[in-house]
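Each chain, written out:
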Amino acid sequence: MPSEPDIASIARVIGEPARARMLYALLDGRALPATDLARVAGVAPSTASVHLSQLIAAGLVDVERQGRHRYHRLAGSDVAVAVESLAAVAPLRPIGGLRAVDRVDAERAARSCYDHLAGKFGVAVTDRLCVLGALDPTDLSLLDPAPFTALGVTIPAAGPRRRPLTRWCLDWSERRPHLAGALGAEVLQTFLDNRWVTRRPTGRALRVTDVGRVAFGDILALQFPGG
């Protein structure tokens, strides 16, 4: 029989503050144990287990078992896009404490959005690839693979795939699009493999390395400060 998306049911799951904080923490694409997510959400471990059960039941979070340990990650790129899109239209809430301020500043500068680049850095890379003719600025579809090849990025093979090659993802901090999709994931992985960017010890923030600043200057004519 005909059906339509039940947005309200997902909104109810995401709408609880502790669960929303858990989903946001998982946006870096890594799998985290329940104890880490409890700390992020500011709830007791037993309460975190209840929230995680609801996120799993809703299809938003998957569980990976390694021996006696359980790790939680977002169920897929579609979930990450949905959470990031909600963050882009959500009102900003005040934060307190120097550590939290430093974290947010670092994430605004450069971060991972699930498995692709985001923040000022991600938007700048996307914009430059558009200027170079690699991407169509209207929808970020692939036009010319040459600029990606110059970066050492392998274009994912064509063929039937559930995930699109490129996707327009609205950046919550810049309020502008950055590149997502299978190609966006290849870009971030290449930058990590080349040590042009590294992950910070905790959170989603990325650091552009000295080697990376040289590479981005030489290949893309972009300049990024160290951090």
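Residues numbered from 1 in each chain as written. Predicted model: local features only at pLDDT ≥ 70, side-chain atom pairs only at ≥ 80, totals over all residues. Heavy atoms only, no water.

## What to know about the environment of Arg 207
Okay, step 1: Checked against the element boundaries, Arg 207 lands in strand E9 (residues 206–208).
Okay, step 2: Assessed through its relative accessible area of 30%, Arg 207 is described here as partly exposed.
Okay, step 3: Considered as a pair, Arg 207 and Arg 111 are 96 residues apart in the sequence and their alpha carbons are 8.2 Å apart. (Helix = DSSP H or I, 4+ residues; strand = E, 2+ residues; numbered from the N terminus. Buried < 20%, exposed > 50% of the residue type's maximum accessible area, 1.4 Å probe, protein only.)

## Observations concerning the nonpolar core
Okay, step 1: Core analysis: the largest hydrophobic core is formed by 26 residues, its most contacted members being Phe 121, Leu 129, Leu 135, Phe 148, Phe 191, Val 197 and Phe 216.
Okay, step 2: Only helix H7 (119–131), helix H9 (181–193), E9 and helix H10 (210–220) provide two or more residues apiece to this core.
Okay, step 3: Considering every element that reaches this core, the biggest residue donor is H9, with five residues.
Okay, step 4: Ala 48, Leu 52, Val 79 and Tyr 114 belong to the second-largest nonpolar core, a separate cluster that totals 22 residues. (Core = buried A, V, L, I, M, F, W, Y, C linked by side-chain atoms within 4.5 Å.)

## Let's talk about the packing of aromatic side chains
Okay, step 1: The tally for this structure, following the rule as stated, stands at five aromatic pairs.
Okay, step 2: Seen in terms of ring centroids, Phe 121 and Phe 191 are 6.4 Å apart; in terms of plane orientation they differ by 45°. Their pairing is tilted. Of the two residues, Phe 121 is situated in helix H7 and Phe 191 in helix H9; the sequence distance between them amounts to 70 residues.
Okay, step 3: Residue Phe 121 is classed as buried on the basis of its relative accessible area of 2%.
Okay, step 4: With a relative accessible area of 0%, Phe 191 lands in the buried category.
Okay, step 5: Both rings, one in Trp 196 and one in Phe 216, keep their centres 5.6 Å apart while their planes meet at 75°; by these two values the pair is edge-to-face. Taken together, the residues Trp 196 in the loop between H9 and strand E8 (197–199) and Phe 216 in helix H10 connect sequence positions 20 residues apart. (Phe/Tyr/Trp six-rings, centres within 6.5 Å; stacked < 30°, edge-to-face > 60°.)

## Regarding the environment of Trp 172
Okay, step 1: In this structure, Trp 172 sits in the loop between strand E6 (167–170) and strand E7 (177–180).
Okay, step 2: Once the C-alpha coordinates of Trp 172 and Ala 90 are considered, the two residues, 82 residues apart in sequence, prove to be 8.5 Å apart.
Okay, step 3: In this structure, Trp 172 is in contact with Tyr 24, Glu 84, Ala 87, Ala 88, Leu 92, Arg 108, Arg 111 and Arg 204, ignoring residues within four places of it in sequence.
Okay, step 4: Reaching out from Trp 172, the side chain makes a polar contact with the side chain of Tyr 24 at a distance of 3.3 Å. (Contact = heavy atoms within 4.5 Å. Polar contact = N/O pair within 3.5 Å; in protein donor to acceptor, adjacent residues only side chain to side chain.)

## Remarks on unusual backbone geometry
Okay, step 1: You will see that Tyr 114, though not glycine, has its phi angle at about 65°, which is positive.
Okay, step 2: Turning to its location among the elements, Tyr 114 is positioned in the loop between strand E4 (111–113) and strand E5 (116–118).
Okay, step 3: Since its relative accessible area comes to 15%, Tyr 114 is described here as buried.
Okay, step 4: Unlike most non-glycine residues, Leu 140 shows phi in positive territory, near 65°.
Okay, step 5: Within the fold, Leu 140 resides in the loop between H7 and helix H8 (146–150).

In short, shape yes, function no, at least from these values alone.
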